[in-house]
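# Coordinate inspection notes
These are the residues of each chain, in order.
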Amino acid sequence: MKSKKAATKRFKVRSGGSIKRAHATKRHILTKRTTKNKRHLRGMVTINESDVKEIRRMMPYA
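## Observations concerning the overall build of the chain
The helix and strand tally for the chain stands at three helices and three strands. Secondary structure elements in the chain, listed N-terminal to C-terminal, are α-β-β-α-β-α. Rg of the C-alpha trace for the chain: 14 Å, well past the compact-globule value of 11 Å for 62 residues, more than 25% over. Judged by the C-alpha coordinates and their principal axes, the chain covers about 40 × 20 × 20 Å. Put simply, the chain has 62 residues, and 11% of those count as buried. Relative to all contacts within the chain whose residues are 6 or more apart in sequence, the contacts with residues 24 or more apart total 54%. Put simply, the chain shows about 5,200 Å² of open surface, and 52% of that area lies on carbon and sulfur atoms.

Okay, here's the thing in structure tokens:
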């Protein structure tokens, strides 16, 4: 079984088993965003419970 490489780059599994993700729109074109906006996009967020099953299917060995 292969993992979806796009999913392994975007999501990480925490030690407790929950999955974290980065904020959207933080990857590129940051020059047009305000400093306040970029500051609020820092850090990681736990994904929604409704998406857990689908993401676990994409990352079978995580």
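## Re the sheet that holds strand S1 (residues 11-13)
Spatially, three strands are ordered S1-S2-S3 in an open sheet, and the strand pairing comes out antiparallel. The open sheet is flanked by S1 and strand S3 (44-46), the only strands paired with a single partner. The sheet shows a mean angle of 35° between the axes of neighbouring strands, taken without regard to direction. Two strands pair when backbone bridges link them, and strand S2 (residues 19-22) and S3 are joined in this way by three bridges, in the antiparallel orientation. Across the sheet, residue Arg21 finds its bridge partner in S3, namely Val45.

## Quick word on unusual backbone geometry
In this structure, Thr25 takes a positive phi of about 60° despite not being glycine. Within the secondary structure layout, Thr25 lies in the loop between S2 and helix H2 (35-40). Given a relative accessible area of 47%, Thr25 falls into the partly exposed group. Despite not being glycine, Ile29 has its phi angle at roughly 55°, a positive value.

## Here's the deal with the nonpolar core
Within the largest apolar cluster, six residues are counted, these being Ala7, Phe11, Ile19, Ile47, Ile55 and Met59. Sequence-distant contacts of Ile47, defined by excluding residues within four places in its chain, comprise Phe11, Ile19, Lys20, Arg21, Val52 and Ile55.

Scoring rules and cut-offs
Residues numbered from 1 in each chain as written. Predicted model: local features only at pLDDT ≥ 70, side-chain atom pairs only at ≥ 80, totals over all residues. Heavy atoms only, no water. Helix = DSSP H or I, 4+ residues; strand = E, 2+ residues; numbered from the N terminus. Rg over C-alpha atoms; globule rule 2.2 N^0.38 Å. Buried < 20%, exposed > 50% of the residue type's maximum accessible area, 1.4 Å probe, protein only. Contact = heavy atoms within 4.5 Å. Areas by Shrake-Rupley, 256 points an atom, 1.4 Å probe, with all protein chains shown as cover. Pairing = 2+ DSSP bridges. Axes fitted to C-alpha atoms, helices over the stretch in contact; angles between N-to-C directions. Core = buried A, V, L, I, M, F, W, Y, C linked by side-chain atoms within 4.5 Å.

Keep in mind these values describe shape, not function.
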